[in-house]
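A look at the structure
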Amino acid sequence: LLRFEFGHGSFARTKYVLTHLNGDNCPVVKRGRFNAMKGDALAQIGSTHTEIQCHSPNDVTLDLVLEHLLKSCISDGELGAQSSFTITQMKADVELMLKKAKEDMEKMTMEPERTAGPPSTPSKITAMDLK
């Protein structure tokens, strides 16, 4: 399950994408059993805005996800048929979402301030730690 937030302020919208991976190397019977559990998984997850089926985790790219979401947003009328909302704008919103997540993570990893003694040194998190 992937979560994205697009837009700002009162126009912000959260979108959920179900990623359904059916590996080519998975035996047919096992794949059938796993697919039979999809309904139970959806019941636990709740509603999603779109679903992407792929055969490998490498197939799931940001462009693919955003293309599916863009179609979903337009088809549900949320952005309107005349909307100029583009994948480029969606990518910019994703970048903002990632930047905010990194900032929140940095705040969480900083030690609380001390009232006496030497100042504490915050832990450093690199972009690689968040991938």
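Below you will find a few notes about this structure.

Cut-offs and rules
Residues numbered from 1 in each chain as written. Predicted model: local features only at pLDDT ≥ 70, side-chain atom pairs only at ≥ 80, totals over all residues. Heavy atoms only, no water. Helix = DSSP H or I, 4+ residues; strand = E, 2+ residues; numbered from the N terminus. Buried < 20%, exposed > 50% of the residue type's maximum accessible area, 1.4 Å probe, protein only. Contact = heavy atoms within 4.5 Å. Areas by Shrake-Rupley, 256 points an atom, 1.4 Å probe, with all protein chains shown as cover. Expected span 1.5 Å × (residues − 1). Core = buried A, V, L, I, M, F, W, Y, C linked by side-chain atoms within 4.5 Å. Pairing = 2+ DSSP bridges. Axes fitted to C-alpha atoms, helices over the stretch in contact; angles between N-to-C directions. Polar contact = N/O pair within 3.5 Å; in protein donor to acceptor, adjacent residues only side chain to side chain. Patch = residues over 30% accessible without salt bridge, like charges linked within 9 Å, V, L, I, M, F, W, Y side chains within 5 Å. Salt bridge = Lys/Arg side-chain N within 4 Å of Asp/Glu carboxyl O.

Within the chain one finds four helices and three strands. Shown N-terminal to C-terminal, the secondary structure of the chain runs as helices and strands in the order β-β-α-α-β-α-α. Here the chain holds 131 residues, and the buried ones make up 15% of them. Nonlocal contacts in the chain, meaning residues at least 24 apart in sequence, comprise 53% of its contacts between residues at least 6 apart. Taken as a whole, the chain presents about 9,700 Å² of accessible surface, with 55% of it coming from carbon and sulfur.

Next up on the list: helix H4 (residues 87-109). Every α-helix winds through 3.6 residues per turn, so residues three or four apart in the chain are directed the same way. The end-to-end C-alpha distance of H4, which contains 23 residues, comes to 33 Å, matching closely the 33 Å that a straight helix rising 1.5 Å per residue would cover. Listed in full, the buried residues belonging to H4 are Met 90, Asp 93 and Val 94.

The subject of this paragraph is the nonpolar core. In terms of nonpolar packing, the biggest core is built from 11 residues, these being Phe 4, Phe 6, Val 17, Ile 52, Cys 54, Val 65, Leu 66, Leu 69, Leu 70, Met 90 and Val 94. Mapped onto this core, the elements with two or more residues apiece are strand E1 (2-6), strand E3 (50-54), helix H3 (62-75) and H4. If you tally residues by element for this core, the top one is H3, at four residues.

Within the open sheet, the three strands sit side by side as E1-E2-E3. Their pairing is mixed. One side of each edge strand has no neighbouring strand; the edge strands of this open sheet are E1 and E3. Between one strand axis and the next, the sheet turns by 25° as a mean value, whatever way the strands run. Sheet topology note: the strand E2 (residues 13-21)/E3 ladder contains five bridges and is parallel. Bridged to Leu 21 within E3 is Cys 54.

What follows is about the side chain of His 20. One can find His 20 in strand E2. By relative accessible area, His 20 is classed as buried at 12%. Of note is the side chain of His 20, whose polar atom sits 3.5 Å from the side chain of Asn 22. Apart from the residues lying within four places of it in its own chain, the contact partners of His 20 are Asn 35, Lys 38, Glu 51, Ile 52, Gln 53 and Cys 54.

By the bridge criterion, five bridges tie E1 to E2 in an arrangement that is antiparallel. Residue pairing for E2: Phe 6 is matched across the bridge by Arg 13. The hairpin formed by E1 and E2 contains six residues between the paired strands, and Gly 7 there has a positive phi angle of roughly 85°.

As a further point, take a nonpolar patch on the surface. On the surface, Leu 1, Tyr 16 and Ile 45 cluster together into a nonpolar patch covering about 250 Å² of accessible area. Checked against the element boundaries, Tyr 16 lands in strand E2.

Right, let's get into the pattern of salt bridges. Considering all chains together, one arrives at three salt bridges under this definition. Taking the shortest distance from any N to any O, the salt bridge between Lys 100 and Asp 104 comes out at 3.0 Å. With Lys 100 and Asp 104 both in helix H4 and four residues apart, this pair spans about one turn of that helix.

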